[in-house]
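Tertiary structure, described
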Amino acid sequence: MRKNKSIEEKATVYTSHGIKKKLGMWAEVNGRLAFAYVREKNDRTEILGYTSIDELQHQVHSCEIPRFELDI
């Protein structure tokens with residue numbers, strides 16, 4: 001992946017509640033919108049794995065979702 005820090009920083013998703021953790025990055029992979037698990041290596045962003053938005057949507061609608069009540 002080419003290094004474009006400004007775009008990559010804006011596309012990076014972090015937790016919004018509790019401890020701030022990097023979850024992944026929105027990316028276009030092979031022409032499809034996806035959520036990617038990435039790492040920084042040799043001053044470049046490397047995609048280790050990804051799931052397309054269509055696949056994520058299918059997954060969330062085809063399984064039972066656990067429920068949590070948090071005090072954070």
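Residues numbered from 1 in each chain as written. Predicted model: local features only at pLDDT ≥ 70, side-chain atom pairs only at ≥ 80, totals over all residues. Heavy atoms only, no water.

**Remarks on the pairing of strand 3 (residues 32–41)**
Spelled out, the test is: Whether two strands pair comes down to DSSP finding at least two bridges between them. Starting at the N terminus, helices and strands are each numbered in turn, a helix being any DSSP run of H or I of at least four residues and a strand any DSSP run of E of at least two.
Here strand 2 (residues 22–29) pairs with strand 3 via five bridges, running antiparallel. Note that in strand 3 the partner of Met 25 across the bridge is Ala 36. Across eight bridges, the pairing between strand 3 and strand 4 (residues 44–52) is antiparallel. Bridge assignment links Val 38 to a residue of strand 4, and that residue is Ile 47.

**Quick notes on the pattern of salt bridges**
Selection criterion: A pairing counts as a salt bridge when a side-chain nitrogen of Lys or Arg comes within 4 Å of a carboxyl oxygen of Asp or Glu. Working definition: with a 1.4 Å probe on protein chains only, accessible area under 20% of the residue-type maximum means buried, over 50% means exposed, and in between means partly exposed.
The full count for this structure, using the stated rule, is two salt bridges. As a salt-bridge pair, Asp 54 and Arg 32 come within 3.5 Å of each other at their nearest N and O atoms. Of the two residues, Asp 54 is situated in helix 2 (residues 53–61) and Arg 32 in strand 3; the sequence distance between them amounts to 22 residues. Given the relative accessible area of 51%, Asp 54 is considered exposed. Residues Arg 39 and Glu 46 are paired through a salt bridge, measuring 2.7 Å at the closest nitrogen-oxygen approach. By relative accessible area, which is 37% here, Arg 39 ends up partly exposed. The exposure class of Glu 46 is partly exposed, given its relative accessible area of 28%.

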